[in-house]
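Structural features, examined
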Amino acid sequence: MLAIVGVAGVALIIGLTLRAPALMVATLVVIVGSIAGGSFLHLSVQSTIRSTFYLVVVTQIAYLVGLAIAVLRHRPRRQ
């Protein structure tokens, strides 16, 4: 649960401040970190794949939310 919150927070900040190349790097870090964590904790392959998938999906969704907020903040207001 803590990993999901952490990944979502980082992806939200990336969406607010940075763009797609940073998201690709963050996604790669999430994948490698999740696989390493699953191996370290001796989780089954199926469990590791499932948790990696969930973390990547959360990363992508949080990035899109951050990007949407950034776009709405910088959009010129109509008079």
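A brief report on the enclosed structure follows. (Residues numbered from 1 in each chain as written. Predicted model: local features only at pLDDT ≥ 70, side-chain atom pairs only at ≥ 80, totals over all residues. Heavy atoms only, no water.)

Section: the nonpolar core
Note the threshold: Residues belong to a common nonpolar core when they are buried Ala, Val, Leu, Ile, Met, Phe, Trp, Tyr or Cys residues joined through side-chain atoms within 4.5 Å. Think of it in three bands: with a 1.4 Å probe and only protein chains considered, a residue is buried below 20% of the maximum accessible area for its type, exposed above 50%, and partly exposed in between. Secondary structure elements follow DSSP: runs of H or I of four or more residues count as helices, runs of E of two or more count as strands, with numbering from the N terminus. Throughout, a contact is declared for two residues whenever any of their heavy atoms are within 4.5 Å.
In terms of nonpolar packing, the biggest core is built from six residues, these being Ala11, Ile14, Leu23, Ala26, Ala62 and Tyr63. Only helix H1 (2–17), helix H2 (20–40) and helix H3 (45–74) provide two or more residues apiece to this core. Beyond its immediate stretch of four places on either side in the chain, Ile14 contacts Arg19, Ala22, Leu23, Ala26 and Tyr63.

Structural notes on the packing of H2 against H3
Put simply, the test is: Each axis is a line fitted through C-alpha atoms, taken for helices only over the stretch in contact, and angles between the N-to-C directions span 0 to 180 degrees. Roughly parallel refers to an angle under 35 degrees, roughly antiparallel to one over 145, roughly perpendicular to one between 65 and 115, and oblique to any angle outside these ranges. Helix crossings fall into two classes, left-handed where the near helix is turned counterclockwise from the far one by less than a right angle and right-handed where it is turned clockwise. Three classes are used: nonpolar for Ala, Val, Leu, Ile, Met, Phe, Trp, Tyr, Cys and Pro, charged for Asp, Glu, Lys and Arg, and polar for all others, with Gly counted as polar.
Axis separation between H2 and H3 bottoms out at 9 Å; the angle between their running directions is 160°. Looking at the two axes, H2 sits roughly antiparallel to H3. As H2 packs across H3, the resulting crossing turns out to be right-handed. Packed against H2, whose contacting residues are Ala20, Leu23, Thr27, Val30, Ile31, Ser34, Ile35 and Gly38, the element H3 presents Thr48, Ser51, Thr52, Leu55, Val56, Thr59, Gln60 and Tyr63 at the interface. Grouping the amino acids of the contact of H2 with H3 by side-chain chemistry returns eight nonpolar, eight polar and no charged.

As for the environment of Ala26
Structurally, the position occupied by Ala26 is in helix H2. For Ala26, a relative accessible area of 16% translates into the label buried.

Some remarks on H3
Short version of the rule: By this rule the span expected of a helix is its residue count minus one, scaled by 1.5 Å.
For H3, spanning 30 residues, the distance from its first C-alpha to its last is 43 Å, which sits close to the expected 44 Å at 1.5 Å a residue. Those residues of H3 that fall on the buried side of the exposure criterion are Thr48, Thr52, Leu55, Val56, Thr59, Ala62, Tyr63, Gly66 and Ala70. Taken together, the buried residues of H3 touch H1 and H2.

A look at the side chain of Thr48
Mapped onto the elements, Thr48 comes out in helix H3. Residues within four places of Thr48 in sequence aside, it is in contact with Ser34, Ile35, Gly38 and Leu43.

Topic: the packing of aromatic side chains
Put simply, the rule reads: Any pair of Phe, Tyr and Trp rings, taking the six-membered ring for Trp, is counted once the centres come within 6.5 Å. Such a pair is stacked with planes under 30 degrees apart, edge-to-face with planes over 60 apart, and tilted for the rest.
As enumerated under the stated definition, the model contains one aromatic pair in all. Taking the centre distance of 6.2 Å and the plane angle of 55° together, the rings of Phe53 and Tyr54 count as tilted. Judged by relative accessible area, Tyr54 falls into the partly exposed class, the value being 46%.

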